Amino acid sequence: SNWHVLRGAFRIVRRTTDIYQPGKLIGGTPSKNIVATYNRQAGGNIDAAIATLNTTRPFDRKILLTNVVLTGVRRPQIGDILEKSGSRTEVTRGQVQRLSGNRVWLVPVGGDRPGAPNISKSGDSGSVWYYPDTGEAAVLHTYGDRENDQTQEWAGGYLMTAVAEALDISMVPI
């Protein structure tokens, strides 16, 4: 997920910090919503972190609202069509518009235009943009346009290749 998501309202996060789903800021309570324990953040100007799941809820490798299972990571190219399942926007598709360092910007398929579908809302952070045909993770969704901005629609995040390397993780069980 993103470091800012796992951190929540805490200023200092330790390896013993409980992670709630839903988060405390949107109604999660300690009595029944602790799903993981914070482990570590990526650092290096990458807003990413990892937590260790507990056994309070079943785990399904399928991306929510899809039958897609992540199969690895792949660096996206400009023009590639990616998909994500966000907690607020549900399943959406975006097209890679720009790459710069470890950052990626996407726009709705067909471009940013009046009436374009909403591909990013507050609460979608931590979603993974992936290739729908192969299940390869491409981008960790981190930010987007202003919530009610009718003049533009875009999403942004970090290359999953950089996130996986920084956190020393794999998208598949090892």
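Above this text you will find the structure in question.
Residues numbered from 1 in each chain as written. Predicted model: local features only at pLDDT ≥ 70, side-chain atom pairs only at ≥ 80, totals over all residues. Heavy atoms only, no water.

Some words on the overall build of the chain
And step 1. Looking only at helices and strands, the chain has two helices and 10 strands in total.
And step 2. When its helices and strands are written in sequence order, the chain yields α-β-β-β-β-β-β-β-β-β-β-α.
And step 3. For 174 residues, the compact-globule estimate of 2.2 N^0.38 gives 16 Å, and the C-alpha radius of gyration of the chain, at 16 Å, lies within 12% of that figure.
And step 4. Projected onto its principal axes, the C-alpha coordinates of the chain cover approximately 45 × 35 × 30 Å.
And step 5. By the burial criterion, 40% of the 174 residues in the chain qualify as buried.
And step 6. Put simply, of all contacts in the chain between residues at least 6 apart along the chain, 53% involve residues at least 24 apart. (Helix = DSSP H or I, 4+ residues; strand = E, 2+ residues; numbered from the N terminus. Rg over C-alpha atoms; globule rule 2.2 N^0.38 Å. Buried < 20%, exposed > 50% of the residue type's maximum accessible area, 1.4 Å probe, protein only. Contact = heavy atoms within 4.5 Å.)

Examining the packing of aromatic side chains
And step 1. According to the stated counting rule, one finds one aromatic pair in the structure shown.
And step 2. For the ring pair Y143 and W154, a centre distance of 6.1 Å and an interplane angle of 65 degrees mean the geometry is edge-to-face. Here Y143, found in strand β9 (residues 136-144), pairs with W154, found in the loop between β9 and β10 (155-159); they are 11 residues apart in sequence, far enough to count as distant.
And step 3. Note that R74 overlies the ring of Y131, its terminal NZ or CZ placed 3.7 Å from the centroid. (Phe/Tyr/Trp six-rings, centres within 6.5 Å; stacked < 30°, edge-to-face > 60°. Lys NZ or Arg CZ within 6 Å of the ring centre and 35° of its normal.)

A word on a nonpolar patch on the surface
And step 1. The grouping of L64, L65 and V91 at the surface amounts to a nonpolar patch, some 300 Å² of accessible area in total.
And step 2. On the basis of relative accessible area, L64 is assigned to the exposed category, the value being 61%. (Patch = residues over 30% accessible without salt bridge, like charges linked within 9 Å, V, L, I, M, F, W, Y side chains within 5 Å. Areas by Shrake-Rupley, 256 points an atom, 1.4 Å probe, with all protein chains shown as cover. Salt bridge = Lys/Arg side-chain N within 4 Å of Asp/Glu carboxyl O.)

Considerations on the pattern of salt bridges
And step 1. Summed over all chains, the structure comprises three salt bridges.
And step 2. Of the charged contacts, one joins E136 and R74 as a salt bridge, the two residues approaching to 2.9 Å between their closest N and O atoms. Separated by 62 residues along the polypeptide, E136 in strand β9 and R74 in the loop between β4 (72-73) and β5 (81-86) bring together distant segments of the chain.
And step 3. The residue D124 makes a salt bridge to K84 at a minimum N-O spacing of 3.0 Å. You can see D124 sitting in the loop between β7 (103-108) and β8 (128-130) and its partner K84 sitting in strand β5, a full 40 residues away along the chain.

Remarks on the nonpolar core
And step 1. Ranked by internal contacts, the top residues of the largest apolar core, which has 27 residues, are L82 and V163.
And step 2. Secondary-structure elements contributing two or more residues to this core are β3 (46-53), β7, β8, β9, β10 and α2 (160-167).
And step 3. In this view, L82 contacts P76, T92, R93, G94, V96, L106, W129, Y130, Y131, P132, A138 and V139; residues no more than four positions away in its chain are not counted.
And step 4. V13, I19, Y38 and A49 belong to the second-largest nonpolar core, a separate cluster that totals seven residues. (Core = buried A, V, L, I, M, F, W, Y, C linked by side-chain atoms within 4.5 Å.)

What about α2?
And step 1. Looking only at α2, the buried set comprises M160, A162, V163, A164 and L167.
And step 2. As for α2, its buried residues are in contact with β2 (34-43), β3, β4, β8, β9 and β10.
And step 3. Phi for D168, located one or two positions after α2, is positive at around 55 degrees.

Section: the pairing of β5
And step 1. A large share of β5 lies buried, amounting to five of its six residues.
And step 2. Pairing of β5 with strand β6 (residues 90-100), which is carried by six bridges, proceeds in the antiparallel orientation. Looking at β6, one finds that E83 is bridged to R93. (Pairing = 2+ DSSP bridges.)

Some words on the sheet that holds β3
And step 1. Reading across from one edge, β1-β2-β3 is the order of the three strands in this open sheet, with antiparallel pairing throughout. Two strands bound the open sheet, and with one partner strand each, they are β1 (18-20) and β3. On average, each strand axis in the sheet is inclined to that of its neighbour by 55 degrees, with strand direction left out of account.
And step 2. For β1 and β2, the ladder comprises three bridges, and the chain directions are antiparallel. Paired with Y20 across the strands is I34, a residue of β2. (Axes fitted to C-alpha atoms, helices over the stretch in contact; angles between N-to-C directions.)

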